[in-house]
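As a plain string of letters, each chain reads:
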Amino acid sequence: MSDSSTPPSPGIIHEFPRNRIERHQNGDPMHTPPPTLYIPPQFLPGGRRSLAGVASRAFGLGIALGFSVLLTLELAYWGYGLWRAPCFVATLALFHYLEFDMTARYNPPDASISSFLLLSNGVAYAAAHTAAILELLIRHWLHSDYKPQWLILPFHIPAFLPVPELPSHVTVGAGLFFIVLGQLVRSAAMRKARTSFNHVVQWTKRADHTLVTDGVYAFSRHPSYFGFFWWGIGTQILLENRICFVAYTVVLWKFFNHRIMHEEKHLVSFFGQDYLDYRKRTPVRIPFIR
Ligand SMILES: C[S@@+](CC[C@H](N)C(=O)[O-])C[C@H]1O[C@@H](n2cnc3c(N)ncnc32)[C@H](O)[C@@H]1O
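In this text, all values refer to a predicted model and were calculated from it rather than measured experimentally.

### What about the overall build of the protein?
Then, in step 1: A tally of regular secondary structure across the protein gives 9 helices and 2 strands.
Then, in step 2: Of the regular secondary structure in the protein, the N- to C-terminal order runs β-α-β-α-α-α-α-α-α-α-α.
Then, in step 3: Here the protein holds 290 residues, and 38% of them are scored as buried.
Then, in step 4: Intrachain contacts of the protein at a sequence separation of at least 6 include 71% that bridge at least 24 residues.
Then, in step 5: Counting every atom, the protein has about 17100 Å² of accessible surface; 67% of that belongs to carbon and sulfur.

So this is what it looks like as structure tokens:
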């Protein structure tokens, strides 16, 4: 809402019809002019919280999810192992949709276009997912009749990686288990922490930032990182990727190890002894991160 003493700009001000205001000024009580409606610029197209921007992203992710689920079922029905590629796209679409959805539900003041985490995760994130799909496609091509005849052993996916070859029902079961577990725990963390959960690690303590130590935060000190770590590993098990499985494990572990150290420095400065006690009694549950 605007304040008449501080004219808002450059948002949009919806004026009410002049004749209603004039009739009110002429003493007609049926024509009380309603207050001027001000729409802040951040909600307008192109703004950080643009409603049109949110709608188009949610629509795009919904289409991607629906289409990839259909393709997964179709390819699996006909026995093509390539069903794993659209299935991976479906898990990604759902993950990014839920990032915004959970923020909008439980931390609405923070909900913006960047809550979808579509571009804000950087180039390395997009490159990792592209590499995962490429590994699957190349592996299928190498095992197909379409590969060039001159392509021999040295070009095959290295077998020396410390990842055992598992039967497909094990990779599907374990992959889906970790994906579902990771997604559930991450969403539960956002639901539990509410306005204390921000996608950007906070440097200064806001007045409404409280320490959360119960619910899913009693199971893991960093449940949303726990969730993302196991979700990421689950996707590579599902895809049966050997190279990306190792790369994802190393990169995710290093990323969260560093991020947790950095985040906890701020949490100790915000909550002091309370956080130190919480840290002592609650594990992270990502291997080798204490
Ligand atoms: C992306 S959220 C991740 C939260 C947590 N690390 C997790 O994995 O669920 C980052 C923000 O959460 C806040 N945060 C982390 N742990 C918290 C806790 N136990 N209670 C309240 N806020 C917390 C941090 O201050 C940071 O601004």
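Having seen it, we continue.
### Quick look at the site of the ligand
Then, in step 1: Surveying the vicinity of the ligand reveals 19 residues, the closest of which are His209, Tyr217, His222, Ser224 and Glu263.
Then, in step 2: Taking Tyr225, its main chain carries an N or O atom lying 3.2 Å from an oxygen atom of the ligand.
Then, in step 3: Bound to the protein, the ligand loses 99% of the 560 Å² it would expose on its own.
Then, in step 4: Contributions of two or more residues to the shell around the ligand are made by α7 (223-239) and α8 (243-271).
Then, in step 5: Here the shell around the ligand is composed, by residue class, of 10 nonpolar, 7 polar and 2 charged.

### Describing the UniProt feature "transmembrane region" (unreviewed entry) in the protein
Then, in step 1: UniProt feature "transmembrane region" (unreviewed entry): in the numbering of this structure it lies at residues 77-95, 116-138 and 166-185.
Then, in step 2: Helix makes up 68% of residues 77-95 and strand 0%. Its end C-alpha atoms lie 25 Å apart.
Then, in step 3: Spanning residues 116-138, this segment combines 74% helix with 0% strand, and its end C-alpha atoms are found 30 Å apart.

### Some thoughts on the nonpolar core
In summary, soluble globular proteins display a tendency toward joint burial of nonpolar side chains.
Then, in step 1: By size, the foremost hydrophobic cluster in this structure holds 45 residues, and its most contacted members are Tyr217, Phe228, Phe229, Phe256 and Ile286.
Then, in step 2: Of all elements in the fold, only α3 (84-106), α4 (122-142), α5 (168-193), α6 (216-219), α7, α8 and α9 (273-281) reach the threshold of two or more residues within this core.
Then, in step 3: With 10 residues, the top contributor of residues to this core is α7.
Then, in step 4: Apart from residues lying up to four places away in sequence, Phe256 is in contact with Tyr225, Phe228, Phe229, Ile286 and Ile289.
Then, in step 5: Ala93, Ala111, Ile113 and Phe116 belong to the second largest nonpolar core, which has 7 residues in total.

### What to know about the side chain of Arg221
Then, in step 1: Here Arg221 shows up in the loop between α6 and α7.
Then, in step 2: In terms of polar contacts, Arg221 uses its side chain to reach the backbone carbonyl oxygen of Arg290, at 3.3 Å.

### A word on the side chain of Ser112
Then, in step 1: Inspection of the secondary structure puts Ser112 in the loop between α3 and α4.
Then, in step 2: Taking relative accessible area as the criterion, Ser112 reaches 2% and is therefore assigned buried.
Then, in step 3: Looking at Ser112, its side chain comes within polar contact range of the side chain of Ser114, at 3.0 Å.
Then, in step 4: Beyond its immediate chain neighbours, meaning those up to four positions away, Ser112 contacts Arg48, Arg49 and Phe100.

### Overview of the packing of α8 against α9
Then, in step 1: Where α8 contacts α9, the two axes come as close as 6 Å, and the packing angle between them is 130°. By the angle between their directions, the pair α8 and α9 is classed as oblique. Across the interface between the two elements, Glu264, Leu267, Val268 and Phe271 of α8 pack against Gln273, Asp274, Tyr275, Leu276 and Arg279 of α9.
Then, in step 2: For the contact of α8 with α9, a count of residues per class yields 5 nonpolar, 1 polar and 3 charged.

### Structural notes on α5
Then, in step 1: When the terminal C-alpha atoms of α5 are compared, their 37 Å separation across 26 residues agrees well with the 38 Å that a helix rising 1.5 Å per residue should span.
Then, in step 2: When α5 is considered as a whole, its buried residues turn out to be Thr171, Gly175, Ile179, Gly182, Gln183, Val185, Arg186, Ser187, Ala189, Met190 and Ala193.
Then, in step 3: Phi turns positive, to about 50°, at Arg194, one or two residues after α5.

### Regarding helix α2 (residues 51-77)
Then, in step 1: In this model α2 runs 39 Å from its N-terminal to its C-terminal C-alpha over 27 residues, within 8% of the 39 Å that 1.5 Å per residue would give.
Then, in step 2: All buried positions along α2 are accounted for by Gly53, Val54, Leu61, Ser68, Thr72 and Leu75.
Then, in step 3: Regarding α2, its N-cap is Ser50, as a side-chain oxygen of that residue lies 3.4 Å from the backbone nitrogen of Ala52 further along.
Then, in step 4: Two residues or fewer after α2 comes Gly79, characterised by a positive phi angle close to 80°.

Quick notes on the rules
- Residues numbered from 1 in each chain as written.
- Predicted model: local features only at pLDDT ≥ 70, side-chain atom pairs only at ≥ 80, totals over all residues.
- Heavy atoms only, no water.
- Helix = DSSP H or I, 4+ residues; strand = E, 2+ residues; numbered from the N terminus.
- Buried < 20%, exposed > 50% of the residue type's maximum accessible area, 1.4 Å probe, protein only.
- Contact = heavy atoms within 4.5 Å.
- Areas by Shrake-Rupley, 256 points an atom, 1.4 Å probe, with all protein chains shown as cover.
- Near = heavy atom within 4 Å.
- Polar contact = N/O pair within 3.5 Å; in protein donor to acceptor, adjacent residues only side chain to side chain.
- Nonpolar A, V, L, I, M, F, W, Y, C, P; charged D, E, K, R; others polar.
- UniProt positions renumbered as here; feature names shortened; annotations may be inferred.
- Core = buried A, V, L, I, M, F, W, Y, C linked by side-chain atoms within 4.5 Å.
- Axes fitted to C-alpha atoms, helices over the stretch in contact; angles between N-to-C directions.
- Parallel < 35°, antiparallel > 145°, perpendicular 65-115°, else oblique.
- Expected span 1.5 Å × (residues − 1).

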